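Examining the three-dimensional arrangement
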Amino acid sequence: MAELLEKLNVLVEKQKKMEEEMEALADYLTQPGMPGLTGGLVDDEGFPRADIDIYAIRGARNRLAILKTDYKEVRSQIEKELFALHAQGPVAVPRTGCVSTGNALNAASLSPDSNTALEENPFIPFAKISELHENSPASKAGLRLDDLILQFGAVFIRRKSLPEPSEGDKQQVAADPGGDRPGCSSVEQVFERLPHEVGNHTGEEIDITVFRNNAILNLKLIPQTWEGMGLVGCRFTPVTKGML
């Protein structure tokens, strides 16, 4: 965990310096008399403006564009390290304690209604929301503490077998939200894919399926920058025996 924290701190410091440089460049380009981030560099007659340093402005704009691209990559790396850190939990979670598709649920601790609801879902829980920040993308999406995550976009663990539907259900079979996607084979694989799922859909809606209060809920999360760290603003803890 110490190594992950050190790597994360380096990335956060790099992100901070990039933010400071981008802010300075934006201030330079938007000061009075300047053309701004995208304004024209020629006058009404089509000649280069003589009242500004066109070479310096082009250089600043180019540098800003490069920083914005690099900034997204750094944010993605931070998100990846956060997921790796969160996967270890407040106390390191041994890999042998992670749940596979065969033993994700502790049926003895579930009520009959909740047990039935989970068994009828095509996916099994792989993570639990153990930390949630106010005003974060996760909070605004409707996620709550102790929610069990069944699906996070294309990341899920498909149940190996489902109960045989009744005759009435066979007439109105709901579409499998996972489609033909294979999903993950273990919780370890889930936490390897989660950072990529978040990074690849920054600014886009991600379909999330959660289990809360004996009910299955479908939510939509938009990963994005906010006042806190990361693009989501919550901690995912791997589901292990005894947690449910």
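Residues numbered from 1 in each chain as written. Predicted model: local features only at pLDDT ≥ 70, side-chain atom pairs only at ≥ 80, totals over all residues. Heavy atoms only, no water.

As annotated in an unreviewed UniProt entry, the protein chain is Putative proteasome (Prosome, macropain) 26S subunit, non-ATPase, 9 from Toxoplasma gondii COUG.

**Points about the side chain of Glu-197**
In this structure, Glu-197 sits in helix H6 (residues 187-200). The class for Glu-197 is buried, based on a relative accessible area of 11%. A distance of 3.0 Å separates the side chain of Glu-197 from the backbone nitrogen of Ala-154, its partner in a polar contact. When near neighbours in sequence (up to four residues on either side) are disregarded, Glu-197 contacts Phe-152, Gly-153, Ala-154, Val-155 and Ile-206. (Helix = DSSP H or I, 4+ residues; strand = E, 2+ residues; numbered from the N terminus. Buried < 20%, exposed > 50% of the residue type's maximum accessible area, 1.4 Å probe, protein only. Polar contact = N/O pair within 3.5 Å; in protein donor to acceptor, adjacent residues only side chain to side chain. Contact = heavy atoms within 4.5 Å.)

**Some words on the pattern of salt bridges**
Counted according to the given criterion, the structure contains five salt bridges. Close ionic contact of Asp-51 with Arg-49 constitutes a salt bridge, the shortest N to O distance being 2.8 Å. By relative accessible area, Asp-51 is classed as exposed at 56%. Across the pair Glu-131 and Arg-235 runs a salt bridge, and its minimum N-O distance is 3.8 Å. Pair noted here: Glu-131 is in strand S1 (residues 127-132) and Arg-235 is in strand S6 (residues 234-238), with a separation of 104 residues, a long-range link. (Salt bridge = Lys/Arg side-chain N within 4 Å of Asp/Glu carboxyl O.)

**Regarding the nonpolar core**
As a rule of thumb, soluble globular proteins bury nonpolar side chains together. Within the largest apolar cluster, 26 residues are counted, with the highest numbers of intra-cluster contacts made by Phe-126, Leu-143, Ile-149, Phe-152, Val-190, Ile-208 and Phe-236. Listing elements by their share of this core, those giving two or more residues are S1, helix H4 (137-141), strand S2 (148-152), H6, strand S4 (206-212), strand S5 (215-221) and S6. With 18 residues, the next largest nonpolar core counts Leu-11, Met-18, Ile-57 and Ile-78 among its residues. (Core = buried A, V, L, I, M, F, W, Y, C linked by side-chain atoms within 4.5 Å.)

**Looking at the packing of aromatic side chains**
All told, the structure shown has two aromatic pairs when counted by the stated rule. Residues Phe-152 and Phe-236 carry aromatic rings whose centres are separated by 5.7 Å and whose planes lie at 90° to one another, so their mutual orientation is edge-to-face. With Phe-152 in strand S2 and Phe-236 in strand S6, this pair connects stretches of sequence that are 84 residues apart. Comparing Phe-152 with Phe-236, the two get one shared label, buried. (Phe/Tyr/Trp six-rings, centres within 6.5 Å; stacked < 30°, edge-to-face > 60°.)

**Some words on the environment of Ala-215**
Positionally, Ala-215 belongs in strand S5. With a relative accessible area of 29%, Ala-215 lands in the partly exposed category. Residues Ala-215 and Leu-118, spaced 97 residues apart in sequence, show a C-alpha to C-alpha distance of 8.5 Å.

**Quick word on the pairing of S1**
Strand direction decides the pairing type here: S1 and S2, joined by two bridges, are antiparallel. Bridge pairing in S2 places Lys-128 opposite Leu-148. (Pairing = 2+ DSSP bridges.)

**A closer look at a negative patch on the surface**
Negative charge collects at one region of the surface, where Glu-13, Glu-19, Glu-20, Glu-23 and Asp-27 lie side by side. One can find Glu-19 in helix H1 (residues 2-29). On the basis of relative accessibility, which here comes to 32%, the residue Glu-19 falls in the partly exposed class. (Patch = residues over 30% accessible without salt bridge, like charges linked within 9 Å, V, L, I, M, F, W, Y side chains within 5 Å. Areas by Shrake-Rupley, 256 points an atom, 1.4 Å probe, with all protein chains shown as cover. Lys, Arg positive; Asp, Glu negative; His and termini not counted. Charge placed at Lys NZ, Arg CZ, Asp CG, Glu CD.)

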